[in-house]
Amino acid sequence: MRKYKKSIKKLASSNNYIIILIIVIVMFGILLGSVLANSLQEDNRQLLTGFINKFFVNYNFLNTDSSEIFRESFIKYGKIILIIWILAFISMGFVISGFIVFLKGISYGFTTAFLIITYGTKGIYYACFLYLLQNIILIPAYVFIMFASIKFVFKKNTETLDSFFEYTISMLISLACVIIVCLLEAYVIPNFITFL
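We now turn to the structure provided with this report. (Residues numbered from 1 in each chain as written. Predicted model: local features only at pLDDT ≥ 70, side-chain atom pairs only at ≥ 80, totals over all residues. Heavy atoms only, no water.)

The next thing to look at is the environment of Phe 144. Tracing the backbone through its elements, the reader meets Phe 144 in helix α6 (residues 121-155). Taking the C-alpha atoms as reference, Phe 144 lies 9.2 Å from Ile 22; in sequence the two are 122 residues apart. Discounting residues that sit within four places of it in the chain, Phe 144 has contacts with Ser 170, Ile 173 and Ser 174. (Helix = DSSP H or I, 4+ residues; strand = E, 2+ residues; numbered from the N terminus. Contact = heavy atoms within 4.5 Å.)

Listed below in structure tokens is the structure:
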């Protein structure tokens, strides 16, 4: 057991290994999500396709108040950042954080693969204009806070005050990224949707 703990601490001492591990978790989630989309039964695929088509048709009639979209997006994405941040204070909480990031990967992989399978080339446009722009910022924010979480877990017993301050700054930086994403979702992406 001691050897196991030492090997984990040694792994945590190398930033590159941690970042690679997190990226592998995300990529594996994306891969699994795309496999799930490809293995979807025809009736479920038709159901989801109908839902997406209705969304596009009825989008202009939905509540598209920008401030409300911003608020809902901030709660949705900010909640994930805060959960990952808090889990560092719980024993083996970083494992749960890894699972959350993994689930996000599955979500992105499934959505992208489903759009491409269903709409072909048009599905690539949907993916690019609906959520790619946000996720170019959001996924690195998740990776960053996960990285900070793992580093904090292995430093908190030795550098309590300094590591806590550094970890809190990491959370604030991640939330700043979330704010940028929310601004995009509230004020930029809706303009793209009307042209799709």
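Here the structure, examined in full by the defined rule, presents twelve aromatic pairs. Arranged with centres 5.8 Å apart and planes meeting at 20 degrees, the rings of Phe 28 and Phe 102 form a pair that is stacked. A residue pair is termed long-range when its members are at least 10 positions apart, and Phe 28 in helix α2 (residues 15-38) and Phe 102 in helix α5 (residues 93-119) qualify at 74 residues. On the accessibility criterion, Phe 102 (16% relative accessible area) is buried. Note on Phe 152 and Tyr 167: the rings are 4.5 Å apart at their centroids and 10 degrees apart in plane angle, and the pair reads as stacked. Taken together, the residues Phe 152 in helix α6 and Tyr 167 in helix α7 (residues 160-187) connect sequence positions 15 residues apart. (Phe/Tyr/Trp six-rings, centres within 6.5 Å; stacked < 30°, edge-to-face > 60°. Buried < 20%, exposed > 50% of the residue type's maximum accessible area, 1.4 Å probe, protein only.)

Counting residues in each nonpolar core, the largest one holds 28 residues, and the members touching the most others are Ile 22, Tyr 77, Ile 81, Leu 138, Tyr 142, Ile 145 and Tyr 167. Elements represented by at least two residues in this core include exactly α2, α4 (66-87), α5, α6 and α7. The greatest single-element share of this core, amounting to ten residues, is contributed by α6. In contact with Ile 22, other than residues within four places in its own chain, are Val 143, Met 146, Phe 147 and Ile 150. In terms of nonpolar packing, the next biggest core, distinct from the first, is built from 13 residues, Ile 52, Phe 114, Ala 127 and Tyr 131 among them. (Core = buried A, V, L, I, M, F, W, Y, C linked by side-chain atoms within 4.5 Å.)

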